Each structure stands twice: as C-alpha cells, then as structure tokens.
Amino acid sequence: MTKNFGTTRRGETVTLIELDNGALSLEALDYGATIRALRVKNAEGGVTDVVLGYDTIEEYEANDGYLGALVGRVANRTARGRFTLSGREYTLAKNIGENHLHGGMRGFDKYVWDYELLPDGVRFTRVSPDGEEGYPGALTASVSYILRGETLVMSYEARSDADTLCNLTNHSYFNLDGGGDILRHALTLDAESYTETDAESIPTGRLISVGGTAFDFRREKEIGRDIASGESALVGCGGYDHNYALNGAQLRPVALLRAARLGITMELATTLPGLQLYTANYLSARRGKGGAQYGKWGAVCLETQFFPDAANHEDFETPILRAGGVWRHTTELRFGR
Ligand code: BGC
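Residues numbered from 1 in each chain as written. Predicted model: local features only at pLDDT ≥ 70, side-chain atom pairs only at ≥ 80, totals over all residues. Heavy atoms only, no water.

**Student:** Whenever I open this one, the overall build of the protein confuses me. Can you help?
**Tutor:** A tally of helices and strands in the protein yields 2 helices and 29 strands. Over its C-alpha atoms the protein spans a radius of gyration of 19 Å, differing by no more than 12% from the 20 Å that the globule rule assigns to 337 residues. Overall size of the protein, expressed as C-alpha extent along the three principal axes, is 60 × 50 × 35 Å. Within the protein, the proportion of its 337 residues that are buried is 58%. Intrachain contacts of the protein at a sequence separation of at least 6 include 64% that bridge at least 24 residues. Carbon and sulfur atoms provide 46% of the accessible area of the protein, an area that totals close to 13300 Å². A distance of 2 Å separates the average location of the 35 positive side-chain charges in the protein from that of its 45 negative side-chain charges. (Helix = DSSP H or I, 4+ residues; strand = E, 2+ residues; numbered from the N terminus. Rg over C-alpha atoms; globule rule 2.2 N^0.38 Å. Buried < 20%, exposed > 50% of the residue type's maximum accessible area, 1.4 Å probe, protein only. Contact = heavy atoms within 4.5 Å. Areas by Shrake-Rupley, 256 points an atom, 1.4 Å probe, with all protein chains shown as cover. Lys, Arg positive; Asp, Glu negative; His and termini not counted. Charge placed at Lys NZ, Arg CZ, Asp CG, Glu CD.)

In structure tokens:
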C-alpha cells in the first residue's frame, strides 16, 4: 500500500510504502530510501516499532542524523575528502570539518528515489550523476527491502559507467524496546578487532584487538556496561562510534542485539566486511514519531560497510566498483523473541 507523505522543499511528492506479511511490517519512504518504521512482535504479545523516525517530510529534510536512510555513495568518513583511483586523484565535498561523511553535502539520503513494488517488498533506485559530490562515474544504485517471515532482507546493487567507489549502508537507529535508552540492550559482535581512529574519527590504519577493552562484544554484553568507562577511544566520541572488522566472509550472522525489556532479539547477517557500531552519541535531543523524545544513547546503529576511509589505507579492502561491474551486497535482520 502506498500513501502520500507530503512534499519536499523542492516540490517533489514523497511516498510512504507500507509492507506487511503478518510477521513483520515495514514503512519505507522513497525519500532517502528510508526505513521509517519496522514493527515486530514482542515477547508480551504486542508489537513494537524498533526504529527511530519522523512523522513529517519537513523533519526528515531539516534534521541531521540520517535516521533510517540509505547512505551513499560512500558511507562513513573519507579523510580530507580525497582519494586516488585508477591513477587519478578525486576531491569530494567536505561536510564534516575537513572530511567527507556519508556521501557529502547532499548524500543519497536527501534524494527522492524511484520505487517499484515487488511481491514481497519494494525496490528503490536512483542514478547518481557523474561528478556528484566529487565522485567519478554515473552510478545506478538500488536497494530492495524484502520481508521474508520475520527477516528483513536489504539487498544492494550498483553499477557505474566509470571506475568509482561504492559503499552503501542503511542507517537505521534501533531501539528494540521502542523507547528509552539502549544502555541495557545486550549486544554480541563476531569481531576480534576494530579500526583505530584519530580525534576526527578517521582510521589510523591500525586494527586494535578487542580483548581486554571496552570494545569486546565477543560474548554478549550490555552496551552500557563499559560505555562510560573512560577508555580513551570512547571518550572522544561520547560512546561507541567505531568500525569492527567482522570475522568471516560471505553472508553470515555477525551481530545479535537483545532488548532490555520486551524480549525482542535481532540477528544481523551480512556479506560486508565491517560494521560501524554507533550508539547515537551525537543524536541531539529532538522530537520523533508520535511525539517520542529522542536523544543521545537512545538507539544503536549497526551499519554494515567496507571500512571507513578504505581508499586511503593499503591494508583495507577498497570498495571499488569498476566500469561495467556490479556491486552487490546483502544485509539481513532476523527478528525473534
Ligand atoms: C557516524 C557518526 C555520525 C553519524 C551521523 C554515523 O554513521 O559514524 O560519526 O555522527 O553517523 O548520524
């Protein structure tokens, strides 16, 4: 089912797409290919909306934070907005100090995408022109959100007419209790190390072992247990805002998030090599859906991705999309209780 969700400042009509398979229901917007709501069954016999979002298109346009959006062309930071590809240097828009974040001044999250309804989901597509935000090549990106039982499958695909970088992710803010903070959510991450960052959250190129640090989620641990431990890597960004080097390759489960109160669990599987654990440290106090109050530590993002600033680190796999090639990745969220 589709509904009108208002009009952007530029005069474009925004559509809300509702999908419901009886086990899971999803609301998506063609603006930013955004997940606006995701309702799952909780352990008390009710239904909980487990993502943050807004009631109006005006709020999506005006607010920062990328709530539920598809982030691209390249998610996360690129140092000084610079990279070299196929022997040429490129300069990207700088939108976070001297660095590039989440696609630039107007990333994929701020465009109205084309959409197509599928039997069990929706596919969003947009063409990012050559040179947009400094990236080479006209890139056609698509993401499908598919409901399969209690699993939401997010499939990404991109093609370009010139060599370019591509690193698409979904920036949903999860709160499996549907409100309150996430400090008592328990998290397991299948990762032995994370990418060390400098004061601007740019990777230094080193991987740090999680053993004996606040970053160790190899065994289930409450997110809040060490978040305020004063460990230096956490202090600079007010909590977790770090990329984990995930174990394994191919589509495999890498994270498990467990609600504090409502018994909901979310298992995340991905084909991607990294995951940014972001505890909404910079989410300034604001009003969300239905008058809900959002703020710091009010949600957790699990952003599957290639490592940040990969193009500038020899040891990190760079998400290069060659002209004529296909960039294809999948992340799945499986709910239970
Ligand atoms: C980044 C944060 C950033 C946030 C924006 C996250 O993916 O890691 O540093 O502030 O997105 O909402």
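What follows picks up the thread again.
**Student:** Would you explain the site of the ligand in this entry?
**Tutor:** The local shell around the ligand consists of Gly65, Tyr66, Arg77, His102, His171, Tyr173, Asp241, Gln276, Tyr278, Tyr282 and Glu303. At 2.8 Å from an oxygen atom of the ligand is found a side-chain nitrogen or oxygen belonging to Arg77. Within the contact set of the ligand, an oxygen atom lies 2.9 Å away from a side-chain nitrogen or oxygen of His102. Grouping the constituent residues of the shell around the ligand by class yields 4 nonpolar, 4 polar and 3 charged. (Near = heavy atom within 4 Å. Polar contact = N/O pair within 3.5 Å; in protein donor to acceptor, adjacent residues only side chain to side chain. Nonpolar A, V, L, I, M, F, W, Y, C, P; charged D, E, K, R; others polar.)

**Student:** Where do I start with the pairing of strand β14 (residues 151-160) in this structure?
**Tutor:** Within a regular beta strand, the side chains point alternately toward one face of the sheet and then the other, so they alternate between its two faces. Most of β14 sits inside the fold, with 7 of its 10 residues counted as buried. Where β14 and strand β29 (residues 327-336) come together, 8 bridges link them in antiparallel fashion. Each residue of the ladder has a partner; that of Glu157, found in β29, is Arg328. (Pairing = 2+ DSSP bridges.)

**Student:** Can you help me understand the environment of Asn42 in this one?
**Tutor:** Examined against the element boundaries, Asn42 turns out to sit in the loop between β4 (34-41) and β5 (47-49). Spatially, the C-alpha atoms of Asn42 and Arg337 are 6.5 Å apart, while their sequence positions differ by 295 residues. At 2.8 Å, the side chain of Asn42 forms a polar contact with the backbone nitrogen of Glu44.

**Student:** Help me out: how do you make sense of the side chain of Arg126 in this one?
**Tutor:** Looking at the element boundaries, Arg126 is found in strand β12 (residues 121-128). Taking relative accessible area as the criterion, Arg126 reaches 7% and is therefore assigned buried. At 2.8 Å, the side chain of Arg126 forms a polar contact with the side chain of Glu132. Beyond its immediate chain neighbours, meaning those up to four positions away, Arg126 contacts Phe108, Tyr111, Trp113, Glu132, Leu139, Thr140 and Ala141.

**Student:** I would appreciate a short explanation of the sheet that holds β12 in the present structure.
**Tutor:** Adjacent strands of a sheet form backbone hydrogen bonds with each other and so pair up, either parallel or antiparallel. Pairing within the open sheet is antiparallel, and its 9 strands lie in the order β11-β12-β13-β14-β29-β23-β22-β17-β20. The sheet terminates laterally at β11 (114-118) and β20 (221-222), the two strands that pair on one side only. Across 2 bridges, the pairing between strand β17 (residues 186-189) and β20 is antiparallel. Residue pairing in the sheet places Ala186 in a bridge with Glu222 of β20.

**Student:** I keep staring at the pattern of salt bridges and nothing clicks. Help me out?
**Tutor:** One side chain can pair with another of opposite charge once the charged atoms of both are near each other. Counted by the stated rule, this structure contains 26 salt bridges. Ionic pairing is found between Arg80 and Glu200, a salt bridge with its closest N-O pair at 3.4 Å. Pair noted here: Arg80 is in the loop between β7 (77-78) and β8 (82-85) and Glu200 is in the loop between β18 (191-197) and β19 (203-209), with a separation of 120 residues, a long-range link. On the basis of relative accessibility, which here comes to 36%, the residue Glu200 falls in the partly exposed class. (Salt bridge = Lys/Arg side-chain N within 4 Å of Asp/Glu carboxyl O.)

**Student:** Can you walk me through unusual backbone geometry in this structure?
**Tutor:** Trans peptide bonds make up most of the peptide bonds, and negative phi angles are found at most residues other than glycine. Gly72 connects to Arg73 through a cis peptide bond whose omega is 5 degrees. Tracing the backbone through its elements, the reader meets Arg73 in the loop between β6 (70-71) and β7. Look at Tyr66: it is not a glycine, yet its phi comes out positive at around 60 degrees. Examined against the element boundaries, Tyr66 turns out to sit in the loop between α1 (57-62) and β6. Located in the positive-phi region is Arg80, a residue other than glycine, with phi close to 55 degrees.

**Student:** Could you clarify how one ought to interpret the packing of aromatic side chains in this entry?
**Tutor:** Aromatic rings considered in pairs are described by the distance between their centres and by the relative angle of their planes. Tallying each qualifying case throughout the model produces 16 aromatic pairs. Judged by centre distance (5.4 Å) and plane angle (25 degrees), the rings of Phe83 and Tyr90 are stacked. Accessibility assignment for this pair places Phe83 and Tyr90 in one class, buried. A centroid spacing of 6.5 Å and a plane angle of 45 degrees characterise the contact between Phe215 and Tyr244, whose relative ring orientation is tilted. (Phe/Tyr/Trp six-rings, centres within 6.5 Å; stacked < 30°, edge-to-face > 60°.)

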